[in-house]
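Coordinates in review
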Amino acid sequence: MKHLLILLLIAVSARIAAQDSVTVMQYNLLNYGNYTGYCNTSNNNHIDKDEYLSTIINYVKPDIFTVNELSDVAYYHDRLLNDVMNSNGRKYYKRTPATNIAGSDIINMMFYDSTKVTLKSMMVIQSYVRDVNLYRLYFNTPQLAAGDTIYLNCIVAHLKAGSDNSDATSRGIMASNVISWLKQQAIPGNYLLMGDFNLYTASEDAYQEFTTVGAGSFQFFDPVNAPGDWNNNIAFAKYHTQSVTSSGNGCQASGGMDDRFDFILVTDEIIEGSAKVRYKQGSYKALGQDGNHFNQSITNAPNISVPLPVLEALGSMSDHLPVKMVLEIEGELPHGMKEQMAFNDIHIAELSSETARISLTSEKKSVLEVKIYNLSGKIEASYGYTLTYGFNSLTVPVGQLHQGFYLMTFTDESGFYSTLKMVKF
């Protein structure tokens, strides 16, 4: 006897299970808006960079996005927010205020999905060479109403560049300043330490300051546990983040992929999940790094780690690769403004034991991801579709599902989504 499949459209703004996740990404933007004698309007034009970065953001959709090497001119801060982050239908990103106590030409900043997190506070915790920023966020979970607040602290640093001993000494001073401030002023908990550290080896003072037991409750850990002599060492090829090009262009460094400069380190609370935020194992990656481009340009074929347009954008946007990771949160996070009517008139057109044909009207051409979850939050199936403007009919296979309750989510490339509840008898 054929199973009866019943699909009911439900309007929900919460995520699927009691556990949710956020994507964090850190990126050196290579003098975005900061024009110098070597990075100029010909080889590092901010208008071109907007297009490259938009392609990357559209692909990753980071919930928390921290950057280095952003111009200290306010025009470029708002341009990134309005023309890149809040583009392609997105309206939910906010940015942190700028700081520049150190008086540098390039600064740090954070952009964040305001439907998922709220900026509680921010401060500069050291200003030698460049500001190191501490951003304190909390997650917009339902538990807030009961006074249960889940905090995440993001420390963003751009340590002194250069391979001379004096440069390494400066990096060590900056790192020591950070750890000293934390030990004296901060409360232990969920901390990320992220940025372009310009480190050549794990034996440098800066890395030791961050990662050894001398940091006490603020000892940081490498999620991929890959300490070593990273510079020009093929053994660490899959972790290298600089340089994306072997030839350079006068602004981008040359030499190909041979340095691990960019990091996201975490405290033990995030490794263990003891404060309701946990690192998702295996999620830490340098975007576009397949481990097969040692001393080569990242765009040399073959490289199928990301779609070709994203790979090409990574090859032109900066001379660094961004690093990203996923954090699992105890609690549900709202989609807020992401749940907009990107799909109209979504309904069941035809039911059978093997397929569900879904009809919907789309407001634009888009790539659609359809996922089917069981009630424990496990993905049972995932499918991709290309939507055209106007009416669309999707055939979703469901014959492999056992009897029970499921949620089917429809998410387009801008993050808009709709949800169907599914009961299979």
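See the structure above.
Just so we're clear, the structure is a prediction, and the values are computed from it rather than from any experiment.

This part takes up the overall build of the protein chain. Secondary structure assignment for the protein chain yields 6 helices and 21 strands. Radius of gyration (C-alpha) of the protein chain: 23 Å, near the 22 Å computed for a compact globule of 425 residues. Overall, the protein chain is about 75 × 50 × 40 Å in size when its C-alpha atoms are taken along their principal axes. A burial count over the protein chain gives 53% of its 425 residues as buried. Counting contacts in the protein chain only where the partners sit at least 6 residues apart, residues at least 24 apart contribute 69% of the total. Looking at the protein chain as shown, the accessible area adds up to about 17,300 Å², and 50% of this sits on carbon and sulfur atoms. Seen as two clouds, the 31 positive and the 42 negative side-chain charges of the protein chain have centres 7 Å apart.

The next subject is the sheet that holds strand β11 (residues 262–267). Taken together, 6 strands build an open sheet; the order of strands is β6-β7-β8-β9-β11-β10 and the sheet is mixed. Each having just a single partner strand, β6 (117–126) and β10 (220–221) make up the two edges of the open sheet. Here 6 bridges tie strand β8 (residues 151–158) to strand β9 (residues 191–196), and the two strands are oriented parallel to one another. When the sheet's bridge partners are listed, Val156 is paired in β9 with Met194.

A few words on the packing of helix α1 (residues 46–60) against helix α2 (residues 74–85). The N-to-C vectors of α1 and α2 enclose an angle of 45°; their axes lie 10 Å apart at closest approach. On the basis of their axis angle, the class for α1 and α2 is oblique. Judged by the twist between their axes, the crossing of α1 over α2 is right-handed. Taking contact as the criterion, the partners of His46, Ile47, Asp50, Leu53, Ser54 and Ile57 in α1 are, on α2, Tyr75, Tyr76, Arg79, Leu80, Asp83, Val84 and Met85.

What follows covers the packing of aromatic side chains. This model, assessed by the stated rule, comprises 12 aromatic pairs. Ring geometry for Tyr138 and Tyr151: centres 6.3 Å apart, planes at 85°, overall edge-to-face. Within this pair, whereas Tyr138 is found in strand β7 (residues 132–139), its partner Tyr151 is found in strand β8, the two being separated by 13 residues in sequence. With a centroid separation of 5.2 Å and an interplanar angle of 75°, the aromatic rings of Tyr207 and Trp230 are classed as edge-to-face. Of this pair, Tyr207 sits in helix α4 (residues 205–211) while Trp230 sits in the loop between β10 and β11, and the two are 23 residues apart along the sequence.

A rise of 1.5 Å per residue sets the reference length of α2, with its 12 residues, at 16 Å; its end C-alpha atoms lie 16 Å apart and thus fit the reference within 8%. Here α2 has its buried residues at Tyr76, His77, Arg79, Leu80, Leu81, Val84 and Met85. Looking at the packing, one finds that the buried side of α2 touches β2 (19–32), α1, β3 (64–71), β4 (93–95) and β5 (106–113).

Per the counting criterion, the structure on display carries 1 disulfide. Two residues share a disulfide in this structure: Cys39 and Cys251, whose sulfurs sit 1.9 Å from each other. Around the S-S axis, the bridge from Cys39 to Cys251 shows a dihedral of about 85° and counts as right-handed. Within this pair, whereas Cys39 is found in the loop between β2 and α1, its partner Cys251 is found in the loop between β10 and β11, the two being separated by 212 residues in sequence.

The biggest cluster of nonpolar side chains holds 89 residues, and the ones touching the most others in it are Phe65, Ile155, Leu182, Leu192 and Leu327. Residues contacting Leu192, with those up to four places away along its chain left out, are Val24, Leu152, Asn153, Cys154, Ile155, Phe220, Ile264, Leu265, Val266, Ile270 and Leu327. Ranked by size, the runner-up nonpolar core spans 19 residues in total, among them Ile358, Leu394, Val398 and Phe410.

This next bit is on the pattern of salt bridges. Per the counting criterion, the structure on display carries 9 salt bridges. Asp148 is paired through a salt bridge with Lys276; the nearest N and O atoms lie 2.5 Å apart. Placement of Asp148 in the loop between β7 and β8 and of Lys276 in the loop between α5 (268–272) and β12 (277–279) is noted, with a sequence separation of 128 residues between them. On the basis of relative accessibility, which here comes to 25%, the residue Asp148 falls in the partly exposed class. Residue classification places Lys276 among the partly exposed residues on the basis of a relative accessible area of 29%. The residue Arg171 makes a salt bridge to Glu204 at a minimum N-O spacing of 2.9 Å. On the criterion of sequence distance, the pair formed by Arg171 in helix α3 (residues 165–185) and Glu204 in the loop between β9 and α4 is long-range, its members being 33 residues apart. Bridged by salt links that share partners, the residues Asp50, Arg79 and Asp83 form one connected network.

Turning our attention to helix α6 (residues 308–317). Taken together, the buried positions of α6 are Val310, Leu311, Ala313, Leu314, Gly315 and Met317. Its buried side turned inward, α6 meets β2 and α1.

What counts, and at which threshold
Residues numbered from 1 in each chain as written. Predicted model: local features only at pLDDT ≥ 70, side-chain atom pairs only at ≥ 80, totals over all residues. Heavy atoms only, no water. Helix = DSSP H or I, 4+ residues; strand = E, 2+ residues; numbered from the N terminus. Rg over C-alpha atoms; globule rule 2.2 N^0.38 Å. Buried < 20%, exposed > 50% of the residue type's maximum accessible area, 1.4 Å probe, protein only. Contact = heavy atoms within 4.5 Å. Areas by Shrake-Rupley, 256 points an atom, 1.4 Å probe, with all protein chains shown as cover. Lys, Arg positive; Asp, Glu negative; His and termini not counted. Charge placed at Lys NZ, Arg CZ, Asp CG, Glu CD. Pairing = 2+ DSSP bridges. Axes fitted to C-alpha atoms, helices over the stretch in contact; angles between N-to-C directions. Parallel < 35°, antiparallel > 145°, perpendicular 65-115°, else oblique. Left-handed = near helix turned anticlockwise from the far one by under 90°. Phe/Tyr/Trp six-rings, centres within 6.5 Å; stacked < 30°, edge-to-face > 60°. Expected span 1.5 Å × (residues − 1). Disulfide = S-S within 2.5 Å. Core = buried A, V, L, I, M, F, W, Y, C linked by side-chain atoms within 4.5 Å. Salt bridge = Lys/Arg side-chain N within 4 Å of Asp/Glu carboxyl O.

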